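Fold and geometry: a report
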Amino acid sequence: MKDYHSLLARMNRKSLQAATKGAGMQNGRRKSHIHGTSLDFADYKIYHPGDDIRQIDWNVYGRTNKPYIKRFQDEKEISVSLFLDATSSMKQVSSKWELARELAASLAYITLSHEDRLSFAAVATKLAFHRKGSVHNKRTFYEIVGFGEQAINESFTQSLIGSITAPRQMIILITDGLEELSLFEECFKRLKYRNQQIWLIQLLSETELYPNLSGDIQLVDSENGKMVDVSLTSSIKDLYKNRLDQHNQELEILCATHGIRYCQVSDKLDIQTIVLRELTFAGLVQ
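Residues numbered from 1 in each chain as written. Predicted model: local features only at pLDDT ≥ 70, side-chain atom pairs only at ≥ 80, totals over all residues. Heavy atoms only, no water.

1. Quick look at the packing of helix α4 (residues 94–113) against helix α5 (residues 137–145)
Relative orientation of the contacting elements α4 and α5 amounts to 165°, with a least axis distance of 8 Å. The pairing of α4 with α5 is recorded here as roughly antiparallel in orientation. Crossing angle aside, the handedness with which α4 passes α5 is right-handed. Residue-level inspection shows Arg-101, Glu-102, Ala-104, Ala-105, Ser-106, Ala-108, Tyr-109, Leu-112 and Ser-113 of α4 in contact with α5, the latter providing Asn-137, Lys-138, Thr-140, Phe-141, Ile-144 and Val-145. Within the contact of α4 with α5, the residues separate by chemical class into eight nonpolar, four polar and three charged. (Axes fitted to C-alpha atoms, helices over the stretch in contact; angles between N-to-C directions. Helix = DSSP H or I, 4+ residues; strand = E, 2+ residues; numbered from the N terminus. Parallel < 35°, antiparallel > 145°, perpendicular 65-115°, else oblique. Left-handed = near helix turned anticlockwise from the far one by under 90°. Contact = heavy atoms within 4.5 Å. Nonpolar A, V, L, I, M, F, W, Y, C, P; charged D, E, K, R; others polar.)

Right, here's the structure in full:
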């Protein structure tokens, strides 16, 4: 397994950029819009690089030899639902599937490290859990990175509808987006009536974006197993590229129509670049 020590250290200083209006009433590290209790002490948490050093309680440090910071009642949690597309389509390209797990694990780690509440589901599998607090962050990260359960024979959109449970302040979907747009639209309608902040991260492989195959080949549909014989000429590849670009553009427009934030990334980039640069630039991570 890769060494993720540097990535985890850098993510300790990051948080999800979420609107916190209507956030839960449990303690967290995110400033609430509810005023009047900012001086009410709640509890302590271990100091992480990037926390406000002025909040360190030096009396506690003197007793424990560990730096703890004070938390106050106006630091409210948010609830985050993270859905990872674990269908056969995502797993056909190993580099894409590995990056998808790393991306989901990273966002889960950031959520828990910031003392927010996480609901995670690998869509089309049985893996799903609810956790809260930085005590779970590393275990959750490596559990998702190492996940390899076999998917059931359903599409991402079909399974997603059945995975949606209680309302959350933020929903993050990680998928390749390679399904009918009408199916995504149905999902978006069911999600948006809950008035939640939603992100769709479309993850594609460089092989899918720029196929380098040629000649007579046999393609297999990863969802239904059907095989098709194709002669990949330059004109066929151009047609494929145009259709893929059109599909992705229409998916982005569909997201905008339903008030969903959209970001596309590829496995050409490493996980640190995606989390610390691309998602920061997009406005999901801060």
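Having seen it, we continue.
2. Considerations on the sheet that holds strand β5 (residues 79–85)
One open sheet holds the six strands; their spatial order is β7-β6-β5-β8-β9-β12, and the pairing between them is mixed. Of all the strands in the sheet, just β7 (128–132) and β12 (261–266) have a single pairing partner and so form its edges. Between one strand axis and the next, the sheet turns by 15° as a mean value, whatever way the strands run. With six bridges joining them, strand β9 (residues 197–204) and β12 adopt parallel strand pairing. Note on β12: the bridge partner recorded for Leu-200 is Tyr-262. Taken strand by strand, α5 contacts β6 (117–123) and β7, and its axis lies near 160° from that of β7. (Pairing = 2+ DSSP bridges.)

3. Observations concerning α5
Those residues of α5 lying buried are Asn-137, Thr-140, Phe-141, Ile-144 and Val-145. On an axial view of α5, the arc spanned by its buried residues comes to 130°, and they lie on one face. Looking at the packing, one finds that the buried side of α5 touches α1 (5–11), α4, β6 and β7. (Buried < 20%, exposed > 50% of the residue type's maximum accessible area, 1.4 Å probe, protein only. Arc of directions from axis to C-beta.)

4. Considering the environment of Gln-17
Along the polypeptide, Gln-17 turns up in the loop between α1 and β1 (27–31). Considering only alpha carbons, one finds Gln-17 and Thr-280, 263 residues apart in sequence, at a separation of 9.0 Å. Dropping the residues within four chain positions of it, Gln-17 is found in contact with Met-170, Gln-197, Gly-283, Leu-284, Val-285 and Gln-286.

5. Topic: the confidence of the model for the protein
Counting all residues, the mean pLDDT for the protein is 82, and 78% of those residues have values of 70 or more. When the criterion is pLDDT under 50, residues 21–27 qualifies, and its contacts beyond four places in sequence or with other chains add up to 24 contacts. Low confidence marks residues 32–38, where pLDDT is under 50. Its contacts with residues over four positions away, or in another chain, come to 11 contacts. (pLDDT = per-residue confidence, 0-100.)

6. A word on the nonpolar core
Soluble globular proteins tend to bury their nonpolar side chains together. In this structure, Leu-107, Phe-120, Ile-172 and Leu-284 are the most contacted members of the largest nonpolar core, which totals 48 residues. Per-element tally for this core: the top contributor is α4, with 11 residues. Beyond its immediate sequence surroundings of up to four residues, Phe-120 is in contact with Leu-82, Leu-84, Ala-104, Leu-127, Ala-128, Phe-129 and Ile-144. Within the second largest apolar cluster, 19 residues are counted, among which are Phe-83, Leu-160, Leu-173 and Tyr-262. (Core = buried A, V, L, I, M, F, W, Y, C linked by side-chain atoms within 4.5 Å.)

7. Examining the side chain of Asp-116
Along the chain, Asp-116 turns up in the loop between α4 and β6. From its side chain, Asp-116 meets the backbone nitrogen of Ile-78 in a polar contact 3.0 Å long. (Polar contact = N/O pair within 3.5 Å; in protein donor to acceptor, adjacent residues only side chain to side chain.)

8. Observations concerning unusual backbone geometry
Backbone geometry at Asn-65 places phi at a positive 65°, although glycine is not the residue there. Look at Asn-65 and you get exposed, because its relative accessible area is 59%. You will see that Ala-124, though not glycine, has its phi angle at about 80°, which is positive.

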